[in-house]
Amino acid sequence: MSVEQEIKEFSEHTELINKISIIFKSMGDPTRIKILYALSKGPMNVTQISNVLQMSQSSISHQLAVLRSHNIIRVERVARNAIYSLDDEHIQCIFKDGLVHAKHRLG
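In this text the structure is predicted, and so the values were computed from the model without any measurement. (Residues numbered from 1 in each chain as written. Predicted model: local features only at pLDDT ≥ 70, side-chain atom pairs only at ≥ 80, totals over all residues. Heavy atoms only, no water.)

Enquirer: I would appreciate a short explanation of the packing of helix H3 (residues 30–40) against helix H6 (residues 89–106) in the present structure.
Expert: Describing two packed helices takes the angle between their axes plus the distance from one axis to the other. One can describe the packing of H3 onto H6 by two numbers: an axis separation of 11 Å at closest approach and a directional angle of 115°. Between H3 and H6, the crossing angle belongs to the class labelled roughly perpendicular. H6 is crossed by H3, and the crossing has left-handed handedness. Along the contact surface, H3 presents Ile33, Leu36, Tyr37 and Ser40, while H6 presents Gln92, Phe95 and Leu99. Partitioning the contact of H3 with H6 into residue classes produces five nonpolar, two polar and no charged. (Axes fitted to C-alpha atoms, helices over the stretch in contact; angles between N-to-C directions. Helix = DSSP H or I, 4+ residues; strand = E, 2+ residues; numbered from the N terminus. Parallel < 35°, antiparallel > 145°, perpendicular 65-115°, else oblique. Left-handed = near helix turned anticlockwise from the far one by under 90°. Contact = heavy atoms within 4.5 Å. Nonpolar A, V, L, I, M, F, W, Y, C, P; charged D, E, K, R; others polar.)

Laid out in structure tokens, this is it:
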């Protein structure tokens, strides 16, 4: 397959392109970036995240809902606690690569 054909096929795959766009849009907020960084260190509940980021639980919960609705994070219920974590190793890699690149560009 030629490069031109490969690009044409990709550009016609609207569902895939929209999914990629949603992933990057979901990560495109400073508060959500902070939450993703915290969760990259391990699973946490809302109280832990709000304490470490020194933000209100309601603002954290709102951002967690956005991330969860776009399958960036997942939640596991343990008794009455909701424990949040990154959805999978792909999200971990995307976040880590973005972090490494940003640090590189900052010098």
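Enquirer: How should the nonpolar core be read in this particular structure?
Expert: Proteins that are soluble and globular tend to have nonpolar side chains buried together. The biggest cluster of nonpolar side chains holds 20 residues, and the ones touching the most others in it are Leu36, Leu39, Leu64, Ile72, Ile73 and Tyr84. Those elements that place two or more of their residues in this core are H3, helix H4 (46–53), helix H5 (57–69), strand E1 (73–78), strand E2 (81–86) and H6. Broken down by element, the residue count for this core peaks at four residues, all from H3. Among residues more than four places away in sequence, those in contact with Tyr84 are Leu39, Pro43, Met44, Val46, Leu64, Ile73, Arg74 and Val75. (Core = buried A, V, L, I, M, F, W, Y, C linked by side-chain atoms within 4.5 Å. Buried < 20%, exposed > 50% of the residue type's maximum accessible area, 1.4 Å probe, protein only.)

Enquirer: Whenever I open this one, the pairing of E2 confuses me. Can you help?
Expert: Looking down a regular strand, the side chains alternate between one sheet face and the other. Pairing of E1 with E2, which is carried by six bridges, proceeds in the antiparallel orientation. When the bridges of E2 are listed, Val75 appears paired with Tyr84. The antiparallel pairing of E1 with E2 creates a hairpin that spans two residues between the two strands, and Ala79 there sits at a positive phi of about 55°. (Pairing = 2+ DSSP bridges.)

Enquirer: Quick question: what am I supposed to make of the packing of aromatic side chains here?
Expert: The geometry of an aromatic ring pair is captured by the separation of the ring centres together with the interplanar angle, meaning the angle of the planes. What the rule picks out here adds up to one aromatic pair. Look at Tyr37 and Phe95: their rings are 6.4 Å apart centre to centre, the planes differ by 55°, and that puts the pair in the tilted class. Of the two residues, Tyr37 is situated in helix H3 and Phe95 in helix H6; the sequence distance between them amounts to 58 residues. Residue Phe95 is classed as buried on the basis of its relative accessible area of 9%. (Phe/Tyr/Trp six-rings, centres within 6.5 Å; stacked < 30°, edge-to-face > 60°.)

Enquirer: I tried to follow H5 on my own but got confused; where do I start?
Expert: The α-helix winds at 3.6 residues per turn, so residues separated by three or four positions along the chain end up facing the same way. With 13 residues, H5 extends 18 Å from end C-alpha to end C-alpha; this agrees with the ideal 18 Å at 1.5 Å per step. Among the residues of H5, Ile60, Gln63, Leu64 and Leu67 are the ones counted as buried. Buried positions in H5, seen along its axis, are confined to an arc of 105° and lie on one side of it. Exposed residues pointing more than 90 degrees away from the buried face of H5 are listed as Ser58 and Ser69. Here the buried face of H5 lies against helix H2 (14–26), H3, H4, E1 and E2. Backbone geometry just downstream of H5 places Asn71 in the positive-phi region, at approximately 60°. (Expected span 1.5 Å × (residues − 1). Arc of directions from axis to C-beta.)

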